[in-house]
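Commentary on secondary and tertiary structure
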Amino acid sequence: MPAMASTPAPWDHASLAVVAPDGRRVPEIVQLEPDLPDLATLFAFARDAELRFATLRLRLEERVWTAVGETLHVHEVLLRHPGAARVTVVRPDLPATTNHDIWLSDGETVRAYRGWHRLETRRPTRTRPVGLAADDLPGTSRPYVPLTSLPANSLPDAFVHPGGYCQNVLATGATAVTGTGIVAAREAIFVTCDHPRTIEIAGDRPDHRLQVAFDRETGLLSLLVESFGGTVTRRVEATELTPDAAIPESAFAVAVPEDARSIY
């Protein structure tokens with residue numbers, strides 16, 4: 001297989017934080033201009049998405065196509081700054097008593113319940129490694145620090161905190177802003193990325209394409225379509241995206257069955 005040309009990351013500012021005189025983090029870009037933004041502007045706007053609302057209600061439908069057919073996962077996110085978050089992942093094709101996983105955090109403690117296993121866990125939030133914000137680290141090695149954390153490496157985390165996804169995935173391919181459209185009854189800006197994360201070895205897939213959409217008002221991701229060779233293998237779409245939604249306190253609680261096991 002011939003060697004492929006590496007594309008240097010054009011944007012590596014996921015860790016940039018703008019702090020107001022009163023100590024609050026504020027968006028670097030308050031709102032986008034009416035015209036289509038360039039990639040650097042769009043990525044900077046998306047990085048600060050969670051700073052544009054106090055609460056968020058988000059529902060994602062994830063469809064994956066594999067050799068066994070299509071599977072559907074529904075991700076329901078409730079978030080209230082600072083620190084309070086609940087993520088419920090549901091498999092609608094399974095019985096209601098066992099088809100869900102719940103992740104709940106108040107910023108200090110994380111509770112999780114897996115319905116299929118009837119298993120509960122409770123632990124302190126993970127402490128971030130020391131030195132990640134060091135000035136001598138390259139930009140691509142400095143991660144975004146969320147105002148309210150979500151499950152690491154999850155779809156809700158990527159959609160609500162898109163800075164890392166922009167830096168580590170979209171910025172590594174041949175990426176372009178392609179236009180605007182509507183997702184979840186809201187205006188969105190569409191971006192196409194060809195051949196992200198080039199690895200230059202035999203297992204690489206030059207026909208890998210990502211199509212994403214960013215909510216124009218908030219900067220949140222609202223759509224992700226992944227394909228190989230023109231065949232869509234995964235589609236994740238926001239069906240509800242409501243910033244500053246009214247969320248009752250009871251939403252950040254979970255009722256665990258009495259016979260559920262707790263391992264720690």
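Before going into details, it helps to say that this report is about the structure given with it. Every value quoted in this text rests on a predicted model; they were computed, and no experiment measured them. (Residues numbered from 1 in each chain as written. Predicted model: local features only at pLDDT ≥ 70, side-chain atom pairs only at ≥ 80, totals over all residues. Heavy atoms only, no water.)

What follows concerns the overall build of the protein. Along its length, the protein carries three helices and 14 strands. Taking 18 Å as the expected radius of gyration for a compact globule of 264 residues, we find that the protein reaches 19 Å, a close match to that expectation. Across the 264 residues of the protein, 44% fall into the buried class. Here the contacts in the protein between residues at least 6 apart in sequence split such that 53% fall between residues at least 24 apart. Accessible surface, the protein as shown: approximately 13,800 Å² in total, 54% of it carbon and sulfur. Of the charged side chains in the protein, 26 are positive and 34 negative; the average position of the first set lies 5 Å away from that of the second. (Helix = DSSP H or I, 4+ residues; strand = E, 2+ residues; numbered from the N terminus. Rg over C-alpha atoms; globule rule 2.2 N^0.38 Å. Buried < 20%, exposed > 50% of the residue type's maximum accessible area, 1.4 Å probe, protein only. Contact = heavy atoms within 4.5 Å. Areas by Shrake-Rupley, 256 points an atom, 1.4 Å probe, with all protein chains shown as cover. Lys, Arg positive; Asp, Glu negative; His and termini not counted. Charge placed at Lys NZ, Arg CZ, Asp CG, Glu CD.)

The next subject is the packing of aromatic side chains. A complete count under the given rule lists two aromatic pairs for this structure. With a centroid separation of 5.6 Å and an interplanar angle of 70°, the aromatic rings of W11 and F43 are classed as edge-to-face. One end of the pair, W11, is in the segment before β1 (18-19); the other, F43, is in helix α1 (residues 39-47), and 32 residues separate them in sequence. You can call W11 buried: its relative accessible area is 3%. (Phe/Tyr/Trp six-rings, centres within 6.5 Å; stacked < 30°, edge-to-face > 60°.)

Moving on, we get to the environment of E249. One can find E249 in the loop between β13 (231-243) and β14 (261-262). With a relative accessible area of 55%, E249 lands in the exposed category. There is a polar contact of 3.0 Å between the side chain of E249 and the side chain of R80. (Polar contact = N/O pair within 3.5 Å; in protein donor to acceptor, adjacent residues only side chain to side chain.)

Along the chain, F190 turns up in strand β10 (residues 186-194). The spacing of F190 and A213 is 23 residues in sequence and 4.3 Å in space, taken between C-alpha atoms. Excluding residues that lie within four positions of it along the chain, F190 makes contacts with A176, V177, T178, G179, T180, G181, I182, V183, V212, A213 and L223.

One broad rule of soluble globular proteins: the nonpolar side chains tend to lie buried together. Among the nonpolar cores identified, the biggest contains 41 residues, and L58, L170 and F214 are the most heavily contacted of them. It is α1 that contributes the most residues to this core, five residues altogether. Residues in contact with L58, not counting those within four places in the same chain, are H75, E76, V77, F159, V160, A238, E240 and L241. The next biggest cluster of nonpolar side chains, apart from the first, holds nine residues, and it includes L78, A84, I102 and A245. (Core = buried A, V, L, I, M, F, W, Y, C linked by side-chain atoms within 4.5 Å.)

Our focus in this paragraph is the pattern of salt bridges. Note that side chains of opposite charge can pair when their charged atoms are close. Summed over the entire model, instances satisfying the criterion amount to 21 salt bridges. Here E61 ties to R59 by a salt bridge, and the two come within 2.8 Å at their closest N and O atoms. Looking at R59, the relative accessible area reads 24%, which means it is partly exposed. Through salt bridges with shared partners, one network takes in R59, E61, R63, E70 and E76. (Salt bridge = Lys/Arg side-chain N within 4 Å of Asp/Glu carboxyl O.)

This next bit is on the sheet that holds β10. Spatial strand order, β9-β10-β11-β12-β13-β3-β4-β5-β6-β7-β8-β14: 12 strands in an open sheet with mixed pairing. Two strands bound the open sheet, and with one partner strand each, they are β9 (174-183) and β14. By the bridge criterion, nine bridges tie β9 to β10 in an arrangement that is antiparallel. Residue pairing in the sheet places V177 in a bridge with V191 of β10. Sheet strands touched by α1: β9, β10 and β11 (208-215). Its angle to β9, the strand with the most contacts, is close to 60°. (Pairing = 2+ DSSP bridges. Axes fitted to C-alpha atoms, helices over the stretch in contact; angles between N-to-C directions.)

Time to look at unusual backbone geometry. Here the residue pair H81 and P82 is connected by a cis peptide bond, since its omega of -10° sits within 30 degrees of zero. The topology assignment puts P82 in the loop between β4 (69-80) and β5 (84-90). Non-glycine residue A185 carries a positive phi angle of around 60°. Residue A185 is classed as exposed on the basis of its relative accessible area of 75%.

A separate point is the pairing of strand β8 (residues 119-124). Judged from the six bridges that link them, strand β7 (residues 109-114) and β8 form a sheet pairing that is antiparallel. In the sheet register, V110 faces β8, and the bridge partner there is R123. What sits between β7 and β8 in their antiparallel hairpin is a turn of four residues, with R118 showing a positive phi close to 50°. In this sheet, β14 lies alongside β8 in parallel orientation, the contact comprising two bridges. What sits directly across from L119, in β14, is R261.

Buried residues of α1: L42, F43, A44, F45, A46 and R47, and no others. Summarising the contacts, the buried residues of α1 are in contact with α3 (163-168), β9, β10 and β11. Its side-chain oxygen at 3.4 Å from the backbone nitrogen of A40, D38 defines the N-terminal cap of α1.

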